[in-house]
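# Fold and geometry: a report
Next come the chains, spelled out residue by residue.
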Amino acid sequence: MNIQWWNKTIFPFILILSWKISMANPVQDTFPVKEWIPEFVAAGFIGAGIGFNHSASEQRVQSGLREWTGPDFSVKWDDYTRWVPIAEIYLADAFKVPAKNHWFDQTKYLFFATVLSTSVTSGLKVATHKTRPNGVELSWPSGHTTHAFTNATVLFEEFRSTAPVLAGSGYLFATGTGLLRMLNNKHWLSDVLAGAGIGILSTEIIYWIKPFKNFNPFLSKKNTAFSLAIDQQFISGYFVTKF
């Protein structure tokens, strides 16, 4: 195992997670297990991704999948399924499903979670130089799976208390994305497991930190103005906000 990339990537994740746990409800004696399920699941996925990496087990799994699908199997569904949780978020907002945050804050946290998870995954891809099942480099972790689970975890955090079925539905599409990456011979099992864990944990960190928590120009009507004009030929409008 390359100790240098471990120290630069995975170890800081563990430190942040440990700090978050130590700061949770310091006055209470009971540990909020339900609130910490995503973090434990993410840690398990990352650990499994490290454990299965370059193992004979994941090679047998991949060989079995290719035998089942055939050598010519290839679909592009995974290029789209990873974005379905984002569509679910904004459709739920449009239909007035109660959420944890305003749509602008949802977008803000989604952006920062994506930046964090993509940075970690991209850094690990370059550091490990693992070869994909199809012979292409930059395999570990899976970027598609990272994106899918990042998006699904934002959906989960926003609606876990008000619409549990909706909140959990994103993980079905995220899991499907990871499975399709393997069926398409683009990634190994460990790539998908690590990507899933990174996506979940990155999002949970952002929802704990809440960057720019109080910045939302759409919540202050005094500082925001919007006008829309429609005629037979043109649609025009303006938006003004005071920061």
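Summarised in this report is the structure supplied together with it. Just so it is clear, the model here is predicted, and its values are computed rather than measured. (Residues numbered from 1 in each chain as written. Predicted model: local features only at pLDDT ≥ 70, side-chain atom pairs only at ≥ 80, totals over all residues. Heavy atoms only, no water.)

What follows deals with the overall build of the chain. Secondary structure assignment for the chain yields nine helices and two strands. Sequence-ordered secondary structure for the chain, helices as α and strands as β, is α-α-α-α-α-α-α-α-α-β-β. Within the chain, buried positions represent 44% of all 243 residues. A fraction of 73% describes how many contacts in the chain between residues 6 or more apart in sequence connect residues 24 or more apart. Counting only carbon and sulfur atoms, one obtains 66% of the accessible surface of the chain, whose full area is about 13700 Å². (Helix = DSSP H or I, 4+ residues; strand = E, 2+ residues; numbered from the N terminus. Buried < 20%, exposed > 50% of the residue type's maximum accessible area, 1.4 Å probe, protein only. Contact = heavy atoms within 4.5 Å. Areas by Shrake-Rupley, 256 points an atom, 1.4 Å probe, with all protein chains shown as cover.)

In terms of nonpolar packing, the biggest core is built from 31 residues, with Phe149, Phe159 and Tyr171 touching the most fellow members. Of all the secondary-structure elements, those providing two or more residues to this core are helix 2 (37–52), helix 5 (84–94), helix 6 (103–128), helix 7 (143–159), helix 8 (164–183) and helix 9 (189–209). Counting residues per element, this core draws most heavily on helix 9, which supplies eight residues. Ignoring any residue separated from it by four or fewer positions in sequence, one finds tyrosine 171 in contact with Phe149, Ala152, Thr153, Phe156 and Ile200. Counting eight residues, the second-largest nonpolar core is a separate cluster that includes Leu65, Val75, Leu180 and Leu189. (Core = buried A, V, L, I, M, F, W, Y, C linked by side-chain atoms within 4.5 Å.)

What follows deals with the packing of aromatic side chains. Scanning the model with the defined rule gives ten aromatic pairs in all. Taken together, a centroid distance of 6.4 Å and an interplanar angle of 75° make the contact between phenylalanine 45 and phenylalanine 149 edge-to-face. A residue pair is termed long-range when its members are at least 10 positions apart, and phenylalanine 45 in helix 2 and phenylalanine 149 in helix 7 qualify at 104 residues. On the numbers, 5.8 Å between centres and 55° between planes, the contact of phenylalanine 156 with tyrosine 171 is tilted. (Phe/Tyr/Trp six-rings, centres within 6.5 Å; stacked < 30°, edge-to-face > 60°.)

What follows deals with the pattern of salt bridges. For the structure shown, the criterion picks out six salt bridges. We note a salt bridge from glutamate 58 to lysine 130, for which the minimum N-O separation is 2.9 Å. Here the residue glutamate 58 occupies a position in helix 3 (residues 56–69), and lysine 130 occupies one in the loop between helix 6 and helix 7, the gap between them amounting to 72 residues. Lysine 130 shares its class with glutamate 58; the two are buried. One salt bridge in this structure joins glutamate 157 and lysine 100, with 2.9 Å as the shortest N-O distance. With glutamate 157 in helix 7 and lysine 100 in the loop between helix 5 and helix 6, this residue pair connects regions lying 57 residues apart in the sequence. Here the residues in one salt-bridge network are Glu58, Lys130 and Asp191, joined through shared partners. (Salt bridge = Lys/Arg side-chain N within 4 Å of Asp/Glu carboxyl O.)

Interhelical geometry of helix 7 versus helix 8 gives an angle of 175° and a closest axis separation of 7 Å. Between helix 7 and helix 8, the angle falls in the class roughly antiparallel. For the pair formed by helix 7 and helix 8, the contact residues are His144, Thr145, Ala148, Phe149, Ala152, Thr153, Leu155, Phe156 and Phe159 on the first element and Pro164, Leu166, Ala167, Ser169, Gly170, Tyr171, Ala174, Thr175, Thr177, Gly178 and Arg181 on the second. Grouping the constituent residues of the contact of helix 7 with helix 8 by class yields eleven nonpolar, eight polar and one charged. (Axes fitted to C-alpha atoms, helices over the stretch in contact; angles between N-to-C directions. Parallel < 35°, antiparallel > 145°, perpendicular 65-115°, else oblique. Nonpolar A, V, L, I, M, F, W, Y, C, P; charged D, E, K, R; others polar.)

With respect to the helices, strands and loops of the structure, serine 190 is situated in helix 9. We classify serine 190 as buried; its relative accessible area is 0%. Side-chain polar atoms of serine 190 contact the side chain of glutamate 58, separated by 2.7 Å. Non-local contacts of serine 190, meaning those with residues more than four positions away in its chain, are made with Gly49, Phe52, Asn53, Glu58, Lys130 and Trp140. (Polar contact = N/O pair within 3.5 Å; in protein donor to acceptor, adjacent residues only side chain to side chain.)

Mapped onto the secondary structure, asparagine 53 falls in the loop between helix 2 and helix 3. Each residue touching asparagine 53, except ones within four places of it in the same chain, is listed here: Glu58, Lys130, Trp140 and Ser190.

Taken together, Tyr90, Trp103 and Phe218 make up a surface patch of nonpolar side chains, about 270 Å² in accessible area. By the element assignment, phenylalanine 218 lies in the loop between helix 9 and strand 1 (224–230). Residue phenylalanine 218 is classed as partly exposed on the basis of its relative accessible area, which comes to 31%. (Patch = residues over 30% accessible without salt bridge, like charges linked within 9 Å, V, L, I, M, F, W, Y side chains within 5 Å.)

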